[in-house]
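Results of the structural survey
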2 protein chains.
Amino acid sequence: VPDGHEVLVTTDFCLEGVHFRREWHSAEVVGQRCLARGLSDVAAMGGEPVAAFLSLALPARLPHGWVDGFLRGFRELGDEFDVPLAGGDIAESPDGVLADIVVIGVVPKGKAIQRSGARAGDRIYVTGELGGSAAALEVLRFGQKVRPGGYPRHFHPVPRIAVGKWLREHGIASAMIDTSDGLSTDLAHICEESGLGAELNEDLIPRAATGKGGGEVDLRLALHGGEDYELVFTARKNRRIPDKIAGVRITEIGAMVPGSGVHQGYGGRRRRLKAEGWEHFKRRS
Amino acid sequence: VPDGHEVLVTTDFCLEGVHFRREWHSAEVVGQRCLARGLSDVAAMGGEPVAAFLSLALPARLPHGWVDGFLRGFRELGDEFDVPLAGGDIAESPDGVLADIVVIGVVPKGKAIQRSGARAGDRIYVTGELGGSAAALEVLRFGQKVRPGGYPRHFHPVPRIAVGKWLREHGIASAMIDTSDGLSTDLAHICEESGLGAELNEDLIPRAATGKGGGEVDLRLALHGGEDYELVFTARKNRRIPDKIAGVRITEIGAMVPGSGVHQGYGGRRRRLKAEGWEHFKRRS
């Protein structure tokens, strides 16, 4: 740990049947998504990841080669961000592949971006596009084949480390979180911890273009779909925010307001948006 | 992280049906055993634990109150060592309670005790007594009731943090590991990583006194039984080792020798001891 820095620790489960299915996701994809989940948590604090640790429990009858593929996908993404797999634990699983990913990161002391720093009047921004990952799940649930290239945020999520770091270095983000559970759920965490409400302009929410045709996903998926691993952050009203940071599109989608909860629309058209992220999709499966 | 220190990270699964059974272990006991597992890894490096993180996946139909009991047991042990539960992740489990425990520790830079530092001629020592935890499992497998007080290392394992720290501060241990998987398995790791063999004097191995009668466990359980969370360490032949460290009995049980593998007996009576720790017990269940 460099002098003047503090340590960030993130832990996230990746469970077969909950976060992935072996018939839908190749071993490489599962490995990559698993590490991306942990790295994205570090990105959301403006930190820099330094090492990953993996607890892996495997069923006795797992096909030979699956773990090799998993570790290959895991390591490929790790290499991209200079994050070595530094240790972990192996156990036998009673049922299904169970992975828990721990990422250790560092951030200058006192500079980690919290969920609690938003003020009323702050504008809300999001990186990239939303709903692409959930769109892939919808197609898979219909039993249709999915071309991974058409859903990059689902099959090859790349965490927004550089964006998070840039925002922290420039002192721009007052609060931040990543969209692992979906915008409606994750933004609600910023609301709770900052003691505020949020108003979203649904027309502004950037929707992912997916599949062969590249059509935009439904608003519902962009509002509630999880596992896009984009960043949602707030910034003071008068801050100028670039259109792109580290090559990633940045879109203003609403504002923090006194009160509580996430709302769709402004003024008279305003209505409460229930948190229907990840949980919602799980129950329908 | 204090200046001049480095960070230790340990991760360990505690899985229902593998590491515990809800019909055998109360929620409090599971929580305590779970944290003890992580703390013991830090003890084995001579480190001091500073915080714990917990990933917990719960089945939908888990009885109300179970998690409260789990966290109560977890926190009670944490309080004893000043280790707060600093964060984690909650998910739904497809089947059974799944916990992954991450413990962060610190140790003065370059002073962590490794498994690789033993030299030929070093003596082998163990803390406390062995086999008590496995003895409880044997009774439980026969379907008999077990009085937790008769098997403290199984139901209330207390990690050997103070012993590990003392050994590190006094520069005594050349290599160290904890007996989470059983002496034959864990000592084999020191052998592999130090490029040596080990000879054990079976008459010297301290066997746990268990149950109502307080009879000593079979040698087989002391050699192979896991989850005692004692420390096995090596020290140069000429080092004087106290009979007790931090109130815990220390016993010399053998020596490191050129070659490879763990052996029982010396000279002509010597025979290879197969690693039959944790895995062995699991398959018989």
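Anyway, here's the lowdown on the structure attached to this text. Being a predicted model, the structure only gives us computed values, none of them experimental.

Here is what the cut-offs are and how they apply
Residues numbered from 1 in each chain as written. Chains lettered and ligands numbered in written order. Predicted model: local features only at pLDDT ≥ 70, side-chain atom pairs only at ≥ 80, totals over all residues. Heavy atoms only, no water. Least-squares fit on C-alpha atoms with pLDDT ≥ 70 in both. Contact = heavy atoms within 4.5 Å. Buried < 20%, exposed > 50% of the residue type's maximum accessible area, 1.4 Å probe, protein only. Helix = DSSP H or I, 4+ residues; strand = E, 2+ residues; numbered from the N terminus. Pairing = 2+ DSSP bridges. Salt bridge = Lys/Arg side-chain N within 4 Å of Asp/Glu carboxyl O. Phe/Tyr/Trp six-rings, centres within 6.5 Å; stacked < 30°, edge-to-face > 60°. Lys NZ or Arg CZ within 6 Å of the ring centre and 35° of its normal. Buried area = accessible area lost by both parts, 1.4 Å probe. Polar contact = N/O pair within 3.5 Å; in protein donor to acceptor, adjacent residues only side chain to side chain.

A word on the relation of the copies chain B and chain A. In the superposition of chain B on chain A (RMSD 0.0 Å, axial shift 0.0 Å), the rotation amounts to 180 degrees. Read as a symmetry element, the transformation amounts to a two-fold axis. By residue overlap, the copies meet face to face through one surface: 100% of the interface positions of chain B are interface positions in chain A.

For the rest of this paragraph, the subject is the pairing of strand β5 (residues 123–127) of chain A. The side chains of a regular strand alternate between the sheet's two faces. All names here are of chain A. Counting buried residues in β5 gives four out of five residues, a clear majority hidden from the surface. Direction of pairing for β5 relative to strand β10 (residues 231–235): antiparallel, over a ladder of four bridges. Looking at β10, one finds that V126 is bridged to V232. In this structure, β5 lies alongside strand β12 (residues 248–257), joined through five bridges in antiparallel fashion. Residue pairing in the sheet places T127 in a bridge with I250 of β12.

Moving on, we get to the pattern of salt bridges. Overall, the coordinates contain 34 salt bridges over all chains when judged by the stated rule. The residue R33(A) makes a salt bridge to E227(A) at a minimum N-O spacing of 2.9 Å. Here R33(A) is found in helix α1 (residues 27–43), whereas its partner E227(A) is found in the loop between α7 (219–224) and β10, with 194 residues between them in sequence. The exposure class of R33(A) is buried, given its relative accessible area of 6%. Classification of E227(A) as buried rests on a relative accessible area of 4%. The shortest N-O distance in the salt bridge between K165(B) and E169(B) comes to 3.9 Å. Of this pair, K165(B) and E169(B) are both found in helix α5 (residues 161–169), four residues apart, which corresponds to roughly one turn of the helix. With relative accessibility at 48%, the residue E169(B) sits in the partly exposed group.

Bringing the packing of aromatic side chains into the picture now. Counted according to the given criterion, the structure contains eight aromatic pairs over all chains. When the ring of F20(B) is compared with that of W66(B), the centres are 6.5 Å apart and the planes differ by 25 degrees; the resulting orientation is stacked. In this pair, F20(B) is assigned in the loop between β1 (5–15) and α1 (27–43) and W66(B) in helix α2 (residues 66–80), connecting sequence segments 46 residues apart. Grouping aromatic residues by their ring pairs yields a cluster made of F20(A), W66(A), F70(A) and F74(A). R21(A) extends its terminal NZ or CZ atom over the ring of W24(A), reaching a point 4.2 Å from the ring centre.

With that settled, consider the interface of chain B and chain A. Counting residues at the interface gives 29 residues for chain B, matched by 29 residues for chain A. Together, the buried faces of chain B and chain A total about 2,200 Å²; carbon and sulfur atoms form 66% of this surface. At the junction of chain B and chain A, the tally comes to zero salt bridges. Remark: the boundary between chain B and chain A carries six residue pairs in polar contact (both at pLDDT 80 or more). At the level of secondary structure, the elements contributing two or more residues to the side of chain B that touches chain A comprise β1, β2 (48–58), β3 (85–92) and β4 (98–108) of chain B. Counting residues per element, the side of chain B that touches chain A draws most heavily on β1(B), which supplies six residues.

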